[in-house]
Amino acid sequence: MAVDEEPDTTAKNSAGGENTENKRNESRGEEERAFECNICLDTAKDAVISMCGHLFCWPCLHQWLETRPNRQSCPVCKAAISRDKVIPLYGRGGSKEDPREKLPPRPQGQRTEPENTGAFSNFGFDGGFQMSFGIGAFPFGLFASTFNFGDPVIRAHGTNPANLEDERFLSQLFLWVAILFIFWLLVA
Amino acid sequence: MSSHHSRFTCSPAQKRLQKELVSLIKEPPPGVIIDGESVGQSLDLLVLSINGAQGTIYEGEQFQLQFRFGPKYPFDSPEVVFVGSEIPVHPHVYSNGHICLSILTDDWSPALSIFSVCVSIISMLSSCKEKKRPPDDSMYVKTCSKNPKKTKWWYHDEEV
């Protein structure tokens, strides 16, 4: 930085000038650096301090906490840290609002479960089970539904006579389909 | 010296990198040499030289260390590998330059920096007593990803 400010000096002179310049910068810098966020290295904005005493911008710390939601630790000393265990810092100037409230709550990250590595077991159970059940039970399922029919007391919701008529027709249709199916099975 | 950085309008990641680079060029860690001219070229790639510390088995050797920074830096760790013809022979450094060091993956924290990574690597080299490759070197080098961050490292040796 000092080189920029004294571009015309010769190499030897600038080396000397740089030292005094550096010293001035350092003493000024140290004071400012004491209030720098440990993450962005800038003067902390919306500052919060952890129980272990480390200073951060709340947006910076918030992003870090979201990066490792399951292992929240202080970036500086690895002590346990969380949203509720930091203290907002209010200087004389600036907003008196709690920075933790100000930050718009970000949308939750989306997380999907890792794919089941034993893909075969999944298929074998779900798919295979349904498949065999479907074939085996199909005609008997028809019978079951068919023989449940025709009892108006049990099927009380069929109050509309037209509906009842339709259902009766359907039931007979299915009954015949089922009988034909069984017959076909026996013959084949 | 900072003038050639400041013309970038930049993301928080780049802003922090610029700050790091400025102070790194001004005061590099002992044993680290940075070519100030090459630094400004690209903000996401940095190659610097590391000298083996005096009084250690790497004294007199020089290695090139390459940093690559993703857009999520410093929340995400940089990718750090040795590059070039000289790769230190060390139980935690594979012959392709990959380094087995927990702060480069699991134990990374955004409060760490280029500076602290350099110091860790120098200290890792300095504490080594015997030059040898990791036991699984040939296997790992054949099968690993180009990016060491994709390796699931086992950090089992705390001594070296």
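All of these numbers come straight from a predicted model, not from anything done at the bench. Each chain carries its own residue numbering, running from 1 in the direction its sequence is written. As they are written, the chains are lettered A onward and the ligands numbered 1 onward, keeping that order. A pLDDT threshold of at least 70 governs which residues receive local features in this predicted model, and a stricter bar of 80 or more applies before side-chain atom pairs are shown or counted, although totals over entire chains, interfaces and linings include all residues.

**Focus on the overall build of chain B**
Part 1: Put simply, DSSP marks the helices as runs of H or I at least four residues long and the strands as runs of E at least two long, and each gets a number from the N terminus on. Counting its regular elements, chain B contains five helices and four strands.
Part 2: Helices and strands in chain B line up, N terminus first, as α-α-β-α-β-β-β-α-α.
Part 3: The burial label depends on the number of other C-beta atoms within 10 Å of a residue's C-beta. Counts of 20 or more mean buried, 12 or fewer mean exposed, and intermediate counts mean partly exposed, with C-beta atoms placed from the backbone. Counting across all 160 residues of chain B, residues that qualify as buried make up 26%.
Part 4: The contact criterion used here is simple: two residues whose C-beta atoms, placed from the backbone, lie within 7 Å are in contact. For chain B, contacts bridging at least 24 residues in sequence account for 54% of all contacts bridging at least 6.

**Some points on the pairing of strand 4 (residues 79-83) of chain B**
All names here are of chain B.
Part 1: For strand 4, the buried fraction is high: four of the five residues fall into the buried class.
Part 2: Sheet topology places strand 3 (residues 62-68) next to strand 4; five bridges connect them, and they run antiparallel. Within the sheet, the bridge partner assigned to Gln66 lies in strand 4 and is Val81. Any two strands between which DSSP finds at least two bridges are classified as paired.

**A few points about the nonpolar core**
Residue and element names in this part refer to chain B.
Part 1: A set of buried Ala, Val, Leu, Ile, Met, Phe, Trp, Tyr and Cys residues, joined to one another through C-beta atoms within 7 Å, is what we call a nonpolar core. Core analysis: the largest hydrophobic core is formed by 29 residues, its most contacted members being Ile50, Leu65, Ile99 and Ile121.
Part 2: Contributing elements (two or more residues each) for this core: helix 2 (12-26), strand 2 (45-51), strand 3, strand 4 and helix 4 (114-126).
Part 3: Top contributing element to this core by residue count: helix 4, with six residues.
Part 4: In this structure, Ile50 is in contact with Gly31, Val32, Gln62, Phe63, Leu65, Cys118, Ile121 and Ile122, ignoring residues within four places of it in sequence.

**Things to note about the sheet that holds strand 2 of chain B**
Residue and element names in this part refer to chain B.
Part 1: Strand order in the open sheet formed by four strands is 1-2-3-4, with antiparallel pairing between adjacent strands. The sheet is open, and its two borders are formed by strand 1 (32-33) and strand 4, each paired with just one other strand.
Part 2: With two bridges joining them, strand 1 and strand 2 adopt antiparallel strand pairing. Bridge pairing in strand 2 places Ile33 opposite Ser49.
Part 3: An axis is simply a line fitted to the C-alpha atoms; with a helix, the fit covers only the stretch in contact. Between two such axes, the angle follows the N-to-C directions and lies from 0 to 180 degrees. The strands touched by helix 4 within the sheet are strand 1, strand 2, strand 3 and strand 4, with strand 2 carrying the most contacts at an inclination of about 35°.

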